[in-house]
Amino acid sequence: MKLFIDSTQKIFVAALLNDNNTIEYKVITETKYKVEEIINFFDKLSKLDSIEEIYINLGPGSFTGIRIGLTIAKTFAWAKKIPIIQISSLEAMAESIETDKLIVPIINARRNCVYGAIYDNGNVVLNEEYMS
């Protein structure tokens, strides 16, 4: 099984996957009980021995959110002695679409700027950049 963590945006997402099928997931959008819900979810997952690797979204996105997600992933991986695989928000967006056309994922970077890249069938045409 694989554990996927994304804390780069305004919501926190954690999903347990088995052969690309979601077994269990947690989406937290409210900040009031976020920490308690995250701890309870990971406490439940810590009892599973079948998690083999952790995928963590490392942005672009919220710097604080990325630090929180990475801390959770590193702690969980250290305790379970399993590897962490980093993924990009833009690459994940591009991989979720099947098309023969160019894919241009964009994330608002504020101040009239974006994070963006260009992909063509999984190949990078333009590397991830901060653009005005």
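Here's a quick rundown of the structure. Values in this document were obtained by computation on a predicted structure and should not be read as measured data.

1. Section: the nonpolar core
Counting 19 residues, the largest nonpolar core has Leu3, Ile5, Phe12, Phe42, Leu45 and Ile54 as its most contacted members. Those residues in contact with phenylalanine 12, other than ones at most four positions away along the chain, are Ile5, Asp6, Ser7, Lys26, Val27, Ile28, Ile38, Phe42 and Ile72. Counting residues in hydrophobic clusters, the runner-up holds six residues, among them Ala94, Ile107, Ala117 and Tyr119.

2. Comments concerning the sheet that holds strand E8 (residues 123-131)
Strand pairs in the sheet, formed through backbone hydrogen bonds, run parallel or antiparallel to each other. One open sheet holds the three strands; their spatial order is E6-E7-E8, and the pairing between them is antiparallel. Because the sheet does not close on itself, it has two edges, and the strands there are strand E6 (106-110) and E8. Shown here is a sheet whose adjacent strand axes are inclined to one another by a mean of 10 degrees, direction ignored. Relative to strand E7 (residues 113-120), E6 runs antiparallel, the two sharing four bridges. Paired with isoleucine 106 across the two strands is glycine 116, which belongs to E7.

Conventions and cut-offs
Residues numbered from 1 in each chain as written. Predicted model: local features only at pLDDT ≥ 70, side-chain atom pairs only at ≥ 80, totals over all residues. Heavy atoms only, no water. Core = buried A, V, L, I, M, F, W, Y, C linked by side-chain atoms within 4.5 Å. Buried < 20%, exposed > 50% of the residue type's maximum accessible area, 1.4 Å probe, protein only. Contact = heavy atoms within 4.5 Å. Pairing = 2+ DSSP bridges. Helix = DSSP H or I, 4+ residues; strand = E, 2+ residues; numbered from the N terminus. Axes fitted to C-alpha atoms, helices over the stretch in contact; angles between N-to-C directions.

The values are spatial; any link to function lies outside them.
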